[in-house]
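Observations on chain architecture
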Amino acid sequence: MNGGTPIIVITGDREVQHAFTVTRAQDVVVADTGHVGVTDIGEADDQDLGGTFDVVAPDGQPRIEHEFDANIWECAITEDGQYASTATHNPDRSVYIFDVGSGELATKFDTPDLNSPAQEFGEIDGEIVLYLLDEDERYRGIDLDGNTVWKSQSLKNQDRINELLDSSDEADLEEAIELLEEAYELVDDQNRKKSIANKLADAHWDLSKEIRKEDGDTDAWWSHLNQAKQYYYEIVSWHDGRKGVAKVERKQAKYHLKEGDEETALQLLQSISALEEEYDVQLLTDADKDKIERLS
């Protein structure tokens, strides 16, 4: 193949062990035995998704030549050259481990939360493990059958967050709030944190309505209103957040009017008006506008 990338393996005594050529090498790994793995990402001007993972034995004979319909990037190989791996980008998003001796695919492992992660082989209790990396840190370890045998703390937290969110969907409001608060504290991703804040705001709002219906304007009712507003303000850049703040402050303004505190009621309604102006979105009702005009 002309015009490609030459891959040359040189022994410790500076002798060329073998050489071969690929179209365009992205990553190359060499085992202690002299086995070479390379991700060939194809012609630079080729817009189609795809690539080829090659593993060549010390005698120069090909052992793996696997073509993909998704882009590939990095690869790994065991020290003894017995197993090699690579990973795909979207839309496939999977890790592939190959048995170099047989030339067969040993396992395919889906990685929806990692896009073509880097990999490194290691051992746990004498068994071969392929570690998938996230930003150069070990994230997950899988065995040759594709079973997860090791998890990073980050992945354990993610599993716990998913468990908490699933449980909160089935729980009553008080328990749901406890579950969501634990998930909120565990999550690092800011967009997901805001999504959980939205759920917390809605749960506090719904619980405040239940409490008021059963017990009236109690301290607990007021506390949940305030907590709902706090979480809605956290996502005020979202439409749901602005609507949430407006409905809570409208409810609080109504309470203060009933108590004869017109000044505080006006301040709350004016807060909705300021939010409406800041985000250029309609939040005030006609009744809100009439109250602002009357109280001003």
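Look up a bit, the structure's there.
Quick look at the structure, then. (Residues numbered from 1 in each chain as written. Predicted model: local features only at pLDDT ≥ 70, side-chain atom pairs only at ≥ 80, totals over all residues. Heavy atoms only, no water.)

1. Some words on the packing of helix H2 (residues 173-186) against helix H3 (residues 190-215)
Selection criterion: To obtain each axis, a line is fitted to C-alpha atoms, and for helices this fit is confined to the stretch in contact; angles are then taken between N-to-C directions over 0 to 180 degrees. Put simply, DSSP marks the helices as runs of H or I at least four residues long and the strands as runs of E at least two long, and each gets a number from the N terminus on. Angles are sorted into four bins: roughly parallel if under 35 degrees, roughly antiparallel if over 145, roughly perpendicular if 65 to 115, and oblique for all others. Handedness of a crossing is defined here by the sense of rotation of the near helix relative to the far one, left-handed for an anticlockwise turn of less than a right angle and right-handed for a clockwise turn. We call two residues in contact whenever any of their non-hydrogen atoms come within 4.5 Å of each other.
Where H2 contacts H3, the axes come no closer than 9 Å and their chain directions differ by 160 degrees. Viewed along their axes, H2 and H3 adopt a mutual orientation that is roughly antiparallel. Helix-helix and strand crossings are classified by hand; for H2 and H3 the assignment is left-handed. Of H3, the residues touching H2 (which contributes Leu173, Glu174, Ile177, Leu180, Glu181, Ala183, Tyr184 and Glu185) are Lys193, Ile196, Ala197, Lys199, Leu200, Ala203, His204, Asp206, Leu207 and Glu210.

2. What to know about a negative patch on the surface
Put simply, the rule is: A patch is a set of surface residues, each over 30% in relative accessible area and not in a salt bridge, joined within 9 Å for like charges and within 5 Å for the nonpolar side chains Val, Leu, Ile, Met, Phe, Trp and Tyr. Per-residue accessibility takes into account occlusion by the displayed protein chains alone, with areas from the Shrake-Rupley method and a 1.4 Å probe. We count a salt bridge whenever a side-chain nitrogen from Lys or Arg sits within 4 Å of a carboxyl oxygen from Asp or Glu. By the counting scheme adopted, Arg and Lys are positive, Glu and Asp are negative, and His together with the chain ends is not counted. Every charge is mapped onto a representative atom, which is NZ of Lys, CZ of Arg, CG of Asp or CD of Glu.
Negative charge collects at one region of the surface, where Asp172, Glu174, Glu175, Glu178, Glu210, Glu214 and Asp215 lie side by side. Among the secondary structure elements, those contributing two or more residues to the negative patch are H2 and H3. Tracing the sequence through the fold places Asp172 in the loop between helix H1 (153-170) and H2.

3. Some remarks on the packing of aromatic side chains
This is how the line gets drawn: Only Phe, Tyr and Trp rings are paired, with Trp represented by its six-membered ring, and only when their centres lie within 6.5 Å; those with planes under 30 degrees apart are stacked, over 60 edge-to-face, the remainder tilted. Each residue is placed in one exposure class: buried if its accessible area under a 1.4 Å probe, protein chains only, is under 20% of its type's maximum, exposed if it is over 50%, and partly exposed if it falls in between. Over a ring means this: the NZ of a Lys or the CZ of an Arg is within 6 Å of the ring centre and within 35 degrees of the ring normal.
What the rule picks out here adds up to 8 aromatic pairs. Relative to Phe98, the ring of Phe53 lies with its centre 5.7 Å away and its plane at 40 degrees, an arrangement referred to as tilted. Linking Phe53 in strand S5 (residues 51-56) with Phe98 in strand S9 (residues 94-99), this pair joins segments that are 45 residues apart in sequence. Assessed through its relative accessible area of 0%, Phe53 is described here as buried. Relative accessible area serves as the criterion here: at 1%, Phe98 is assigned to the buried category. Through a chain of ring-to-ring contacts, three or more aromatic side chains come together here, namely Phe53, Phe68, Tyr96 and Phe98. Between Arg138 and the ring centre of Tyr131, over which it is positioned, the NZ or CZ distance is 3.7 Å. The ring of Tyr184 carries the charged tip of Lys193 above its face, separated from the ring centre by 4.2 Å.

4. Focus: the pattern of salt bridges
For the coordinates displayed, the defined rule picks out 10 salt bridges. In this structure, Arg160 and Glu163 form a salt bridge, with 2.7 Å as the shortest nitrogen-oxygen distance. On the criterion of helical spacing, the pair formed by Arg160 and Glu163 is a turn pair, its members being 3 residues apart in helix H1. Arg160 is the partner of Glu182 in a salt bridge, and the nearest nitrogen-oxygen pair spans 3.1 Å. Here Arg160 lies in helix H1 and Glu182 lies in helix H2, a separation of 22 residues in the sequence. The structure contains a network of salt bridges with shared partners spanning Arg160, Glu163 and Glu182.

5. Looking at the sheet that holds strand S3 (residues 25-30)
What links the strands of a sheet is backbone hydrogen bonding, and the strands pair in either a parallel or an antiparallel sense. We count it as follows: Should DSSP find at least two bridges between two strands, the strands are taken to pair.
With antiparallel pairing, 4 strands are arranged side by side in an open sheet as S3-S4-S5-S6. Of all the strands in the sheet, the pair left with one neighbour each is S3 and strand S6 (62-68). Direction aside, the axes of adjacent strands within the sheet are offset by 10 degrees on average. Pairing of strand S4 (residues 36-40) with S5 involves 5 bridges; the strand directions are antiparallel. What sits directly across from Asp40, in S5, is Thr52.

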